[in-house]
Structure formats: structure tokens, C-alpha cells
Amino acid sequence: MSVTALNKKRLVKFAPKGEKSFYDTVKQRVDEYFREQGIHENANTAMKVKTAAMLSLYFVPLIVVLTGLASASLWLFYPMWLLMGVGVVGIGTCVMHDSNHGSYSSNNLTNSLLGSLLNFIGGYSRNWRIQHNILHHTYTNVDGLDEDIMGTTLIRMCPHRPHWKIHRFQHIYAWFLYSLMNLFWVMAKDYRVLFRYEREGLLKKEKITLKNALIELSFFKLFYFAYILVLPMFFSGMPWYHVVGGFVAMHMVAGLSLACIFQPAHVMESSEFPLPSVDMRIENNWAVHQLLNTTNFAPGSKLTAWFIGGLNYQIEHHLFPHVCHIHYPAISPIVESVARQYGLAYNVQPTVARAIIEHGRMLKILGRG
């Protein structure tokens, strides 16, 4: 990130919310919903059952691989890895995500323990909290501040990013690059961003020094590669190259799936991608900014909401990250009603397929320059 971008991070401000604002009203009505229903904002029994299911999707196939039960056939061995990829998505979106937002439980220790699951599936929870909670949730779709739209040289996710001729084809090749996203994250990205966050002073928010963070990160990476690659090479009964093949297949499934969950939520034609003014101000207040740069999808699909941690209700998530996702389907009509009341757009795509198609369309538009 450039010095200019760093200065932006320090100085950029959203417009004041004003009296009787959209956010005040929607927060009041959502709070009323929880009071009237006599329920709290955190995980309920259904959420805890889902947590067990998502953990099983990852760890049961892993046990099958490590015990050699899948060595009889490649037709059993590789599906176990693919199922683990589905488990990575489930743990990431349904359990780790809520926990690192502090919305899974009112108990900080519970949130910390479940949030640390990311460390055991290849990521690093400290980096994630900085990138996601601080940068993405604060500066959604603001160029230079929201890392989720920075993409790579080969993918242009924002109209203010540099344009290259190859971007004309990004709507075709982006899906393959998306599938490599998790592999890059696990292999290299965590180290790269850790040094950058130290330079930007963001590690201070995690109350850890760069030296200790590097030690912690290296420990988790060594532990991860030991159990996910070394142990299967010794105990799965399969040649090392099939173990590596399964590992790559697992992360390709996870990478593509996660991209198809998160990218259609923000990189859409309906999003504004605002730039700060010369005095570093964003035109809208924070809540309206979130609303206008976020898109829901498949609101009628209970299966989608169940499996991807309610992240098809991204609007509700961005406005109420402290609320467990299990409640998003119930508060979504409230948020939409208040948005309409204030004359604000409430962007939603009817199905997962339509959301992905529209994201691909946006990639094509951005690829033209």
C-alpha cells in the first residue's frame, strides 16, 4: 500500500449520521425484534448443531484419510479431500467468521477459541481480523483501503484500479485464479501482509509485536503442514503425489467457493466504489455506505444461508457484524423495510447463480477500462 493510501487510512472520514438516521432507526427496530422475541444476538442451539456439522465436514474425512481407510481407491481418496474443502468453507463462513467478529458468543474466550480454528485450517486469525474486521468492514469498496477489492495485477475489481489489456479477458480466467486464492493465502499471503500490517501500525490493534506474530504464525503453519501433508504421506497408504494432489484439490474447492460467496456481495454493478473528496471525506455516512456497496443474494434459500453462514445476507452482516448470522434471515425484512423508508437501495439478487452471473458481468465491465 502506498504512502498516499496510508495517509488516507488515517484521515478518511464518513459523513455524520445525523439525527433520526437510517442506522439509528434500523438499529432500534432490530433491537426491538430481539427484545420482543426474548432471544439474544448470539448463537442458539441450531447454531451449535451447525458448528458440529461443519467441523465434522472437515475432520471426519481427514480421519478417514489418516487411518488409511481411503487408500483402497482414488475414487474414495480424492472425494475425501474435496469434502474437506467443503468443510474449510463451512468452518470459515459459519464458525470462524462469527467468532472473530465476537458474535458467536457473549463469552470472549469462546469467541477466541472458535476464531482460532482458522489457524488450524491454514490461515492466521490475527491477519484475518485486521484485513476483514478493520479494513474491509470499515472501508468497504474504498480503493486503497479495502483489501478485498485490491485483487491482483491480473484481476481488476474496482473501477479506480490500474487497467491493463489482459483485463479484457478477466471475466473468463478470474474463476481459475479464484480457485488458487486459498493456496496463495496458506503458502505466502499471511507472511506478506504481516510485514505490511507492522509497517502500517495495525499489529498494535492485536497487541502483539512483529517478532511474536512471526513466531506464532510460523508455529501454526508448521503445525498445519505437518498434519495436512506430512502425516497423510506416512499414514494414508497413498503415494506422496496423490497427497499433494488432494491438498491442492481441497484448497481449489475452498478458494473458488469462498470467492463465489464474497465477491458477488461487493464487486457488482450496483456498488458505488466511492472515492474520498479532496478533504478526505466520504459522501455518505458509514451505514448508508455499507448499504450501497453491498448486495444480498438467494434470500429465499434456507440451504444457502445454512451452509455459508448467512453471508448471502451481506447487508445485514455489514450493518450488524456483532449479531450471529443465524438471525440474519429474520432481521433482513426489517433492514429492507427501513431502507425503503429512507429511499435507499437494498440490493439483492434472487439466486446464487444470478449473483455469480452478475459478478462475472461486472468483471467484464471492469475489464473494458
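Details of the structure are given in the entry above.
Parameters at a glance
Residues numbered from 1 in each chain as written. Predicted model: local features only at pLDDT ≥ 70, side-chain atom pairs only at ≥ 80, totals over all residues. Heavy atoms only, no water. Helix = DSSP H or I, 4+ residues; strand = E, 2+ residues; numbered from the N terminus. Rg over C-alpha atoms; globule rule 2.2 N^0.38 Å. Buried < 20%, exposed > 50% of the residue type's maximum accessible area, 1.4 Å probe, protein only. Contact = heavy atoms within 4.5 Å. Areas by Shrake-Rupley, 256 points an atom, 1.4 Å probe, with all protein chains shown as cover. Lys, Arg positive; Asp, Glu negative; His and termini not counted. Charge placed at Lys NZ, Arg CZ, Asp CG, Glu CD. 1 Å grid on protein atoms, 1.4 Å probe; cavity = no way out; pocket = protein on both sides within 12 Å on 5 of 7 lines; lining within 4 Å. Points joined across faces, edges and corners; volume = space filled by probe spheres on them. Nonpolar A, V, L, I, M, F, W, Y, C, P; charged D, E, K, R; others polar. Phe/Tyr/Trp six-rings, centres within 6.5 Å; stacked < 30°, edge-to-face > 60°. Lys NZ or Arg CZ within 6 Å of the ring centre and 35° of its normal. Axes fitted to C-alpha atoms, helices over the stretch in contact; angles between N-to-C directions. Parallel < 35°, antiparallel > 145°, perpendicular 65-115°, else oblique. Expected span 1.5 Å × (residues − 1). Polar contact = N/O pair within 3.5 Å; in protein donor to acceptor, adjacent residues only side chain to side chain.

A. Molecular detail of the overall build of the protein. Scanning the protein for helices and strands turns up 16 helices and 4 strands. The C-alpha atoms of the protein give 21 Å as radius of gyration, which agrees with the globular expectation for 369 residues (21 Å, within 12%). Referenced to the eigenvectors of the C-alpha coordinate spread, the extents of the protein come out at roughly 65 × 55 × 45 Å. Buried positions account for 53% of the 369 residues belonging to the protein. Here the analysis covers contacts within the protein between residues at least 6 apart in sequence; of these, 71% occur between residues at least 24 apart. Here the protein has roughly 16700 Å² of accessible surface; of this, 64% comes from carbon and sulfur atoms. Positive and negative side-chain charges of the protein, numbering 33 and 23 respectively, have mean locations separated by a distance of 6 Å.

B. Region of the structure containing the environment of Val 89. Among the secondary structure elements, Val 89 is positioned in helix 4 (residues 74-100). Between the C-alpha atom of Val 89 and that of Ile 308, which follows or precedes it by 219 residues, the distance is 7.4 Å. In this structure Val 89 touches Cys 94, Ala 254, Ser 257, Leu 258, Ile 261 and Phe 307, once residues within four positions along its chain are discounted.

C. Representation of empty space enclosed by the protein within the structure. Counted under the stated rule, the structure contains 1 cavity of 30 Å³ or more. Taken as a whole, the largest cavity spans an internal volume of roughly 40 Å³. What lines the largest cavity is His 136, Asn 141, Asp 146, Asp 148, Ile 149, Phe 262, Gln 263 and His 266. For the lining of the largest cavity, the per-class residue count stands at 2 nonpolar, 4 polar and 2 charged.

D. How the structure looks around the layout of surface pockets. Looking at the largest pocket, its volume works out to about 1200 Å³. Sort the elements by how many residues they give to the lining of the largest pocket and helix 9 (residues 181-199) lands first, with 9 residues. Broken down by class, the residue content of the lining of the largest pocket amounts to 21 nonpolar, 14 polar and 8 charged. Space inside the second largest pocket adds up to approximately 290 Å³. Lining of the second largest pocket is provided by 15 residues; of these, Ser 99, Asn 100, Asn 111, Ser 112 and Arg 129 occupy positions nearest its centre. Of all elements in the fold, only helix 4, helix 5 (108-115), helix 7 (125-138) and helix 10 (210-235) reach the threshold of two or more residues within the lining of the second largest pocket.

E. Representation of the side chain of His 132. Inspection of the secondary structure puts His 132 in helix 7. Excluding its chain neighbours within four sequence positions, the residues that come into contact with His 132 are His 97, His 101, His 137, Phe 262 and His 317.

F. Representation of the packing of aromatic side chains. Within the structure shown, the criterion is met by 19 aromatic pairs. Here the aromatic rings of Phe 223 and Tyr 227 are separated by 5.5 Å at their centres, their planes lie at 55°, and the arrangement is tilted. Residue Phe 223 and its partner Tyr 227 are located together in helix 10, separated by 4 residues, close to a single helical turn. Classification of Phe 223 as partly exposed rests on a relative accessible area of 36%. Centre to centre, the rings of Trp 240 and Tyr 241 are 5.8 Å apart; their planes meet at 85°, and the pair counts as edge-to-face. Of the residues examined, Trp 240 reaches a relative accessible area of 56% and is grouped as exposed. Three or more aromatic residues link up through ring pairs in this structure, and these residues are Phe 120, Phe 219, Phe 220, Phe 223, Tyr 224, Phe 225, Tyr 227 and Phe 247. Above the plane of the ring of Trp 185 lies Lys 189, whose end atom (NZ or CZ) is 4.5 Å from the centre.

G. Layout of the packing of helix 8 (residues 170-179) against helix 11 (residues 240-266). Where helix 8 contacts helix 11, the two axes come as close as 6 Å, and the packing angle between them is 120°. As judged from the angle between their axes, helix 8 and helix 11 are oblique. On helix 11, the residues touching Trp 175, Phe 176, Tyr 178 and Ser 179 of helix 8 are His 251, Met 252, Gly 255, Leu 256, Ala 259, Cys 260 and Gln 263.

H. View of helix 7. Between its terminal C-alpha atoms helix 7 stretches 18 Å, which fits the 20 Å expected from 14 residues at 1.5 Å a residue. When you tally the buried positions in helix 7, you get 10 out of 14 residues, the bulk of the element. Within the span of helix 7, buried status applies to Ser 125, Arg 126, Asn 127, Trp 128, Ile 130, Gln 131, His 132, Leu 135, His 136 and His 137.

I. Just unusual backbone geometry, in detail. In the Ramachandran plot, Asn 141 falls in the positive-phi region, its phi being about 65° despite a non-glycine side chain. Structurally, Asn 141 can be placed in the loop between helix 7 and helix 8. Accessibility expressed as a relative area gives 0% for Asn 141, which makes it buried. Positive phi outside glycine occurs at Lys 207, with the angle close to 55°.

J. Region of interest: the side chain of Asp 143. Checked against the element boundaries, Asp 143 lands in the loop between helix 7 and helix 8. Look at Asp 143 and you get buried, because its relative accessible area is 11%. A polar contact is formed between the side chain of Asp 143 and the side chain of Arg 161, at a distance of 2.9 Å.

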